[in-house]
Amino acid sequence: MEEWQKNLVEILETVADEVEQFLLEMTETLETFAEFSEEFAHQLHSTISEDIERFFSEIVDPMLGVTPQLEDTLFDEEWTVTDAEDPLIAQYPACVGCRNFHGQFYGGNLLVCGMHPYGWEGENCPDWEAGERNDNDYNPPFLF
């Protein structure tokens, strides 16, 4: 064999040894990292479990202790739905059945209709129009 062939074989053997050494070191590093990760995950799990248990014992359990008393208070009386008259219709009788009645609140202010934003004070509104209102325009409040 010629000299350059021997040198090439030596270089390849050296490279193979170095790669093998590198892979062994990487394996050791990964094993150490895996052990650390497992230990960290175990500590994290136990910490979170303790925090959740503390949350339930300090916050949720006292609430649950109040719940039976609250249920007794709420269900002592019988709640019934009454056929109450819509307060907006009672307040604006001239608007009953008018297709222009809007009855929506904007920023806490009631818009009765476009022609009379505050409603008509008399019995007969001059702009009253019979007809069907769009049910999406006004949803009267549900009263107990």
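Quick caveat: nothing in here was measured; it's all calculated off a predicted structure.

Let us now look at empty space enclosed by the protein. Under the defined criterion, the tally for this structure stands at one cavity of 30 Å³ or more. Here the largest cavity defines a volume of roughly 70 Å³. The wall of the largest cavity is formed by 14 residues, among which Cys95, Cys98, Cys113, His116 and Cys125 lie closest to the centre. Across the lining of the largest cavity, the residue classes tally to ten nonpolar, three polar and one charged.

What follows is about the nonpolar core. Counting residues in each nonpolar core, the largest one holds five residues, listed as Tyr92, Cys95, Phe101, Leu110 and Val112. Apart from residues no more than four positions distant in its own chain, Tyr92 is found in contact with Leu110, Val112, Tyr118 and Gly119.

Right, let's get into the state of the cysteines. Applying the stated criterion to the full structure yields zero disulfides. Here Cys95 is not disulfide-linked; the sulfur of Cys113 is the nearest cysteine sulfur, at 6.0 Å. By relative accessible area, which is 10% here, Cys95 ends up buried. Its relative accessible area of 8% is what places Cys113 among the buried residues.

On the surface, a cluster of negative charge is contributed by Glu3, Glu10, Glu13, Asp17, Glu18, Glu20, Glu25, Glu28, Glu31, Glu35, Glu38 and Glu39. Within the secondary structure layout, Glu18 lies in helix H1 (residues 3-76).

Let us look at the packing of aromatic side chains. The relative placement of two aromatic rings is captured by the distance of their centres and the angle of their planes. A full pass over the atoms with the stated rule returns one aromatic pair. For the pair Phe36 and Phe40, a centre-to-centre distance of 6.4 Å together with 20 degrees between the ring planes defines the contact as stacked. Within this pair, Phe36 and its partner Phe40 are both found in helix H1, separated by four residues, close to a single helical turn.

To continue, consider the pattern of salt bridges. Scanning all chains against the criterion turns up one salt bridge. Asp51 is the partner of Arg54 in a salt bridge, and the nearest nitrogen-oxygen pair spans 3.0 Å. Of this pair, Arg54 and Asp51 both sit in helix H1, three residues apart, which is roughly one turn of that helix. The exposure class assigned to Arg54 is partly exposed, which follows from its relative accessible area of 41%.

This part is about the side chain of His116. Relative to the helices and strands, His116 is located in the segment after strand E2 (109-111). Judged by its relative accessible area of 15%, His116 falls in the buried class. Contacts of His116, omitting those with residues within four sequence positions, involve Cys125 and Asp127.

Rules behind the numbers
- Residues numbered from 1 in each chain as written.
- Predicted model: local features only at pLDDT ≥ 70, side-chain atom pairs only at ≥ 80, totals over all residues.
- Heavy atoms only, no water.
- 1 Å grid on protein atoms, 1.4 Å probe; cavity = no way out; pocket = protein on both sides within 12 Å on 5 of 7 lines; lining within 4 Å.
- Points joined across faces, edges and corners; volume = space filled by probe spheres on them.
- Nonpolar A, V, L, I, M, F, W, Y, C, P; charged D, E, K, R; others polar.
- Core = buried A, V, L, I, M, F, W, Y, C linked by side-chain atoms within 4.5 Å.
- Buried < 20%, exposed > 50% of the residue type's maximum accessible area, 1.4 Å probe, protein only.
- Contact = heavy atoms within 4.5 Å.
- Disulfide = S-S within 2.5 Å.
- Patch = residues over 30% accessible without salt bridge, like charges linked within 9 Å, V, L, I, M, F, W, Y side chains within 5 Å.
- Areas by Shrake-Rupley, 256 points an atom, 1.4 Å probe, with all protein chains shown as cover.
- Salt bridge = Lys/Arg side-chain N within 4 Å of Asp/Glu carboxyl O.
- Lys, Arg positive; Asp, Glu negative; His and termini not counted.
- Charge placed at Lys NZ, Arg CZ, Asp CG, Glu CD.
- Helix = DSSP H or I, 4+ residues; strand = E, 2+ residues; numbered from the N terminus.
- Phe/Tyr/Trp six-rings, centres within 6.5 Å; stacked < 30°, edge-to-face > 60°.

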